[in-house]
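# Chains, contacts and geometry: an overview
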Amino acid sequence: MSLAHALLTSLLEKPSSGYDLARRFDKSIGFFWHATHQQIYRELARMEQAGWIASDAAPDGGKTRKRLYQVLPAGEAALRAWVREPTEPTDLRDELMVRLRADAAIGPLGLEDELRRRMQLHQTRLAAYRAIEARDFPPGHPATREKRIQHLILKTGIMYEASWANWCEEALGVLQQTA
C-alpha cells in the first residue's frame, strides 16, 4: 500500500488540510499505516502534481499557508484501480522469532523480560482499541455500512493485539518451564 492511497481514502472521507490529515493519521489510520507529518506533506505535493488532488487556501487559514485538499476524479480513479489489485498477505517478519529460535538452539537466553515488555505493549494497544470500540461502536446502536466497515477494521486490530498478548503469555510460560 502506498501512502497516497491512504491519503486519498482519508480525503474522500473528509476534505482536509495537511495538518488535519496528519492528526487524523495519528488517531486512526496510523494504527495500521504509519507516516510522519513530513511524509504526508511531501506525498500531498506529489499527488497534487499528479492531478489526483487539488488544494485551495483554507477559509480559516488567515495569513498562514494552510491549504484544504480534496480528491479530484483522477485521484478517485487511481484509488478505485488500486483497490481492485490483488494483494498478498503480509509475512510475519519479527526479530523476536529469530531470537526465540536462538534460545531453542543454544539454551536459555533471558528473553522473559522482552516477552513481558511486548505483552504489555500489546495489552496497552488492546485497551486503547477496546476504548475506541466502546466509544464509537456501542452495542445495540444501528450502524451504517460505513460504520460497520470501520468497526470491522477495528476488530482486526483488537484480534491482532489480543492474539499477540496471549501468545506472549504462552511463550513466557514455555520459557519459564524450560529454564
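Preceding this section is the structure that the text describes.
## Section: the packing of helix H2 (residues 18-27) against helix H3 (residues 37-49)
Between H2 and H3, whose axes approach to 10 Å, the crossing angle comes to 130°. Classified by the interaxial angle, the pair formed by H2 and H3 is oblique. Considering only the axes of H2 and H3, their crossing is right-handed. Across the interface between the two elements, Gly18, Tyr19, Leu21, Ala22, Phe25 and Asp26 from H2 touch His37, Ile40, Tyr41 and Leu44 from H3. Tallied by class, the residues present in the contact of H2 with H3 amount to 7 nonpolar, 2 polar and 1 charged.

## Side note on helix H1 (residues 3-13)
An α-helical turn contains 3.6 residues, so any two residues separated by three or four positions project in the same direction. By the criterion of burial, H1 is predominantly enclosed, with 8 of the 11 residues buried. Within H1 the residues assigned to the buried category are Leu3, Ala4, His5, Ala6, Leu7, Leu8, Ser10 and Leu11. Looking at the packing, one finds that the buried side of H1 touches strand S1 (16-17), H2, H3, strand S2 (53-57), strand S3 (67-71) and helix H4 (73-84).

## Considering the sheet that holds S1
Backbone hydrogen bonds hold the strands of a sheet together, and the pairing may be parallel or antiparallel. Ordered in space as S1-S3-S2, the 3 strands form an open sheet in which the pairing is antiparallel. In this open sheet, the two edge strands, each paired with only one partner strand, are S1 and S2. Pairing geometry for S2 and S3, over 5 bridges, is antiparallel. Bridge pairing in S3 places serine 55 opposite tyrosine 69. This element, H3, spans S2 and S3 of the sheet and lies at about 110° to S2.

## Some remarks on the packing of H1 against H2
One can describe the packing of H1 onto H2 by two numbers: an axis separation of 11 Å at closest approach and a directional angle of 105°. Taken together, the axis directions place H1 and H2 in an arrangement best described as roughly perpendicular. Along its contact with H1, which presents Leu3, Ala6, Leu7, Ser10, Leu11 and Glu13, the element H2 presents Leu21, Arg24 and Phe25. Taken together, the residues of the contact of H1 with H2 break down into 6 nonpolar, 1 polar and 2 charged.

How each quantity is defined
- Residues numbered from 1 in each chain as written.
- Predicted model: local features only at pLDDT ≥ 70, side-chain atom pairs only at ≥ 80, totals over all residues.
- Heavy atoms only, no water.
- Axes fitted to C-alpha atoms, helices over the stretch in contact; angles between N-to-C directions.
- Helix = DSSP H or I, 4+ residues; strand = E, 2+ residues; numbered from the N terminus.
- Parallel < 35°, antiparallel > 145°, perpendicular 65-115°, else oblique.
- Left-handed = near helix turned anticlockwise from the far one by under 90°.
- Contact = heavy atoms within 4.5 Å.
- Nonpolar A, V, L, I, M, F, W, Y, C, P; charged D, E, K, R; others polar.
- Buried < 20%, exposed > 50% of the residue type's maximum accessible area, 1.4 Å probe, protein only.
- Pairing = 2+ DSSP bridges.

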